[in-house]
Amino acid sequence: MWGGRFAEGPAAIMRDINASISVDKRLWREDITGSKAHAEMLAAVGVISEADGKEIVDGLERVAQEIETGAFTFSADLEDIHMNVEARLIELIGEPGRRLHTARSRNDQVATDFRMWTRRACRDAADAIGVLQVALVDQAEANADVVMPGYTHLQIAQPVTFGHHMLAYVEMLERDRSRFADAAARMNECPLGAAALAGTSFPIDRNRTAAALGFDRPCANSLDAVSSRDFAIEAVMAASLCATHLSRLAEELVMWTSPHFGFVRLPDAFSTGSSIMPQKRNPDAAELCRAMPGRIVGALSTLLIMMKGLPLAYAKDMQEDKAATFAAFDGLSLALAAMSGMIRNLNVNRDAMRAAAALGYSTATDLADWLVRTRRTPFRRAHEIVGRIVAIAEKKGLTLDKLALSDLQSVDPEITQDVYDVLSVEASVGSRTSFGATSPTNVRERIADWRTRFEEMPT
């Protein structure tokens, strides 16, 4: 394909390091779609004949059919998907196939193919996030009033509802979904027609090819068009953040399924056993989701380091971009699917959650708030009073709602019987009605909001 300048062929090791077909063959759909748009544009502006344009498009469809059915033979000697497709096209239709590469380069070709693939991957990721969000909202609705301990520093802090906890991840994932949408919109400029780096002297219509390939517009600078990979970096950065959020949820599932917590039970389909310990029920799917950021953040590091310090325009270093990006999105897709399956089929142990929520004097803040609200006690003074009451409860081995009124009054004589109305965990979560708070009423209102938003999402 490029041997006219050379008297000898490449060394075997050069063929091995130079060939990328084992990785980039998955771009075949994008490559053929881009080539068809290019050929149709060349025919429309008169650079090639209408007859050649039609023959090229028909030939490319035959190549696509061969790849789809597994009849196509990929060759490392032809380096990449672009040359593999073009060589087979020439075998099928002869001379017209040699005209396809007029007014383009592999540089703008790969940049276009890769943008199209990454754009689709971002949209697919956003859709998969939506599936997980629906599963989380379903669990939130089924458990809107289930009380569980809320933690800071992994120490019991205040009671919350399990529905509220599930919705926290819905919020995180919505930001992830919006980041993928933003990335897809920002990368939606077409490099095709930038050629190797300087554009072309042929009278091409870049707006036509951009529109045919679903781009908003052509890239405005030919150097930038072929040499930028920030679109892939941004997409993998969004994937890294999403995977980090999944990892946090996965860690909670790992903890919650342990006998120490016993809050939830994963379905058999997402658990494994042990080769030696017959009693074991391991949350392996959750653990693998927890580990997934290693793969994805590693891909992000690869892309950033690859691009660091590269002069304009294209350099062969960029051939490493696709393996990293493919790996990142493959991993994210797997993690999203696994997490959706786990959440959708999660079995919640309400009693275990409620019992844990009552530990650790989790309604201490409610007692302090009661003093402020009913006795007009300054909060810092109320904080001190409750701290002393907690010390008494701890010494007696009782929860706050089980302390005698005399115990409470030994610290503050103005405390009345009414205080017991706020000391249960149910009363605590029910009282948290400020915007964004944990009360079952709030949770159900937010669920209704999410249901409406899901209906408005494009399918």
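Structural notes, computed from the coordinates. Counting restarts for each chain, with residues numbered from 1 along the sequence as it is written. Local features in this predicted model are restricted to residues whose pLDDT is 70 or higher, and side-chain atom pairs enter the listing and the counts only when it is 80 or higher, whereas totals over whole chains, interfaces and linings include all residues. Side-chain numbers come from the whole structure's heavy atoms, not from hydrogens or water.

## Observations regarding the overall build of the protein
The condition is simple: Under the scheme used here, helices are H or I runs from DSSP no shorter than 4 residues and strands are E runs no shorter than 2 residues, and both carry numbers assigned from the N terminus. We compute the radius of gyration over the C-alpha atoms and compare it with the globule rule, which gives 2.2 Å times the number of residues raised to the power 0.38. Residue exposure (1.4 Å probe, protein chains only): buried if accessible area is under 20% of the type maximum, exposed if over 50%, otherwise partly exposed. A contact between two residues is defined here by any heavy atoms of the two lying within 4.5 Å. All accessible areas in this document rest on Shrake-Rupley with a 1.4 Å probe, and a residue is counted as covered only by the protein chains that are shown. This count recognises Lys and Arg as positive and Asp and Glu as negative, with His and chain-terminal groups excluded. For the purpose of locating charges, the reference atoms are NZ of Lys, CZ of Arg, CG of Asp and CD of Glu.
Broken down by element type, the protein carries 19 helices and 6 strands. For 459 residues, the compact-globule formula gives about 23 Å, and the C-alpha radius of gyration of the protein, at 30 Å, lies well above that figure. When its C-alpha atoms are laid out on the principal axes, the protein stretches across 100 × 55 × 40 Å. For the protein, with 459 residues in total, the buried portion stands at 49%. Restricting to contacts in the protein with at least 6 residues of sequence separation, those with at least 24 account for 75%. Entry remark: accessible area of the protein is about 22,000 Å², with carbon and sulfur atoms responsible for 52%. Both charge centroids of the protein, one from 51 positive and one from 61 negative side chains, sit 3 Å from each other.

## Digging into the nonpolar core
Going by this rule: We define a nonpolar core as any set of buried Ala, Val, Leu, Ile, Met, Phe, Trp, Tyr and Cys residues linked to one another through side-chain atoms lying within 4.5 Å.
Phe180, Leu332 and Met339 are the most contacted members of the largest nonpolar core, which totals 99 residues. In terms of residue count, helix H11 (residues 230-257) provides more of this core than any other element does, 15 residues in total. In contact with phenylalanine 180, not counting residues within four places along its chain, are Cys122, Ala125, Ala126, Ile129, Ala235, Ala238, Ala239, Cys242, Phe329 and Leu332. Listed in part, the 19 residues of the second largest apolar core include Leu367, Ala393, Val422 and Leu423.

## Some remarks on the packing of helix H4 (residues 50-69) against helix H5 (residues 81-93)
Each pair of packed helices can be summarised by the angle the axes make with each other and by the distance between the axes. The test is simple: Whenever a helix is involved, its axis is fitted only over the stretch in contact; in every case the axis is a line through C-alpha atoms, and angles between N-to-C directions fall within 0 to 180 degrees. Should the near helix be turned anticlockwise from the far one by less than a right angle, the crossing is left-handed, and should it be turned clockwise, the crossing is right-handed. Think of it as three bins: nonpolar holds Ala, Val, Leu, Ile, Met, Phe, Trp, Tyr, Cys and Pro, charged holds Asp, Glu, Lys and Arg, and polar takes everything else, Gly as well.
Their axes nearest at 9 Å, the elements H4 and H5 cross at an angle of 115°. Our pair here, H4 against H5, has a crossing hand that is right-handed. Only Val85, Arg88, Leu89, Leu92 and Ile93 of H5 make contact with H4, whose side of the interface consists of Glu55, Ile56, Gly59, Leu60, Arg62, Val63 and Glu66. Partitioned by chemical class, the residues of the contact of H4 with H5 number 7 nonpolar, 1 polar and 4 charged.

## What about the environment of leucine 42?
Along the chain, the position of leucine 42 falls in helix H3 (residues 28-44). Sequence-wise, leucine 42 and arginine 99 are 57 residues apart; in three dimensions their C-alpha atoms are separated by 9.5 Å. Other than its neighbours up to four places away in sequence, leucine 42 contacts Val47, Ile48, Arg99, Leu100, Thr102, Ala103 and Ile204.

## Quick look at the side chain of serine 428
The condition is simple: In the analysis that follows, any N or O atom pair within 3.5 Å is treated as a polar contact, provided that within protein one partner can donate a hydrogen and the other can accept it, and provided that, for residues neighboring in sequence, both atoms belong to side chains.
Here serine 428 is to be found in helix H18 (residues 425-431). Of note is the side chain of serine 428, whose polar atom sits 2.8 Å from the side chain of aspartate 366.

## Some details on the environment of glutamate 141
Its place among the elements puts glutamate 141 in helix H7 (residues 106-142). On the basis of relative accessible area, glutamate 141 is assigned to the partly exposed category, the value being 46%. Sequence-distant contacts of glutamate 141, that is, excluding residues within four places in its chain, are made with Ile447 and Arg451.

## A closer look at the pattern of salt bridges
To keep things clear, this is the line we draw: Here, a salt bridge means any side-chain nitrogen of Lys or Arg that lies within 4 Å of a carboxyl oxygen of Asp or Glu.
Per the counting criterion, the structure on display carries 32 salt bridges. Among the ionic pairs, glutamate 189 bridges to arginine 217, the shortest N-O distance being 3.3 Å. Residue glutamate 189 is found in strand E3 (residues 189-190), and its partner arginine 217 is found in strand E4 (residues 217-218); the two are separated by 28 residues along the sequence. The partly exposed category is assigned to arginine 217, whose relative accessible area is 41%. Sharing partners across several salt bridges, the network here consists of Glu30, Arg120 and Asp124.

## Structural notes on the packing of aromatic side chains
Using the following cut-off: For Phe, Tyr and Trp, where Trp contributes only its six-membered ring, two rings pair if their centres lie within 6.5 Å, and the inter-plane angle classes them as stacked under 30 degrees, edge-to-face over 60, or tilted in between. Placement of a positive charge over a ring is assigned whenever Lys NZ or Arg CZ falls within 6 Å of the ring centre and within 35 degrees of the normal to the ring plane.
One pass over the structure, following the stated rule, counts 10 aromatic pairs. One aromatic cluster is present, formed by Phe114, Trp117, Phe180, Phe231, Phe326 and Phe329 through successive ring pairs. The ring of phenylalanine 326 has arginine 26 lying over it, and the distance from NZ or CZ to the ring centre is 4.5 Å. Seen from the ring of phenylalanine 215, arginine 119 lies directly overhead, with NZ or CZ sitting 4.5 Å from the centre.

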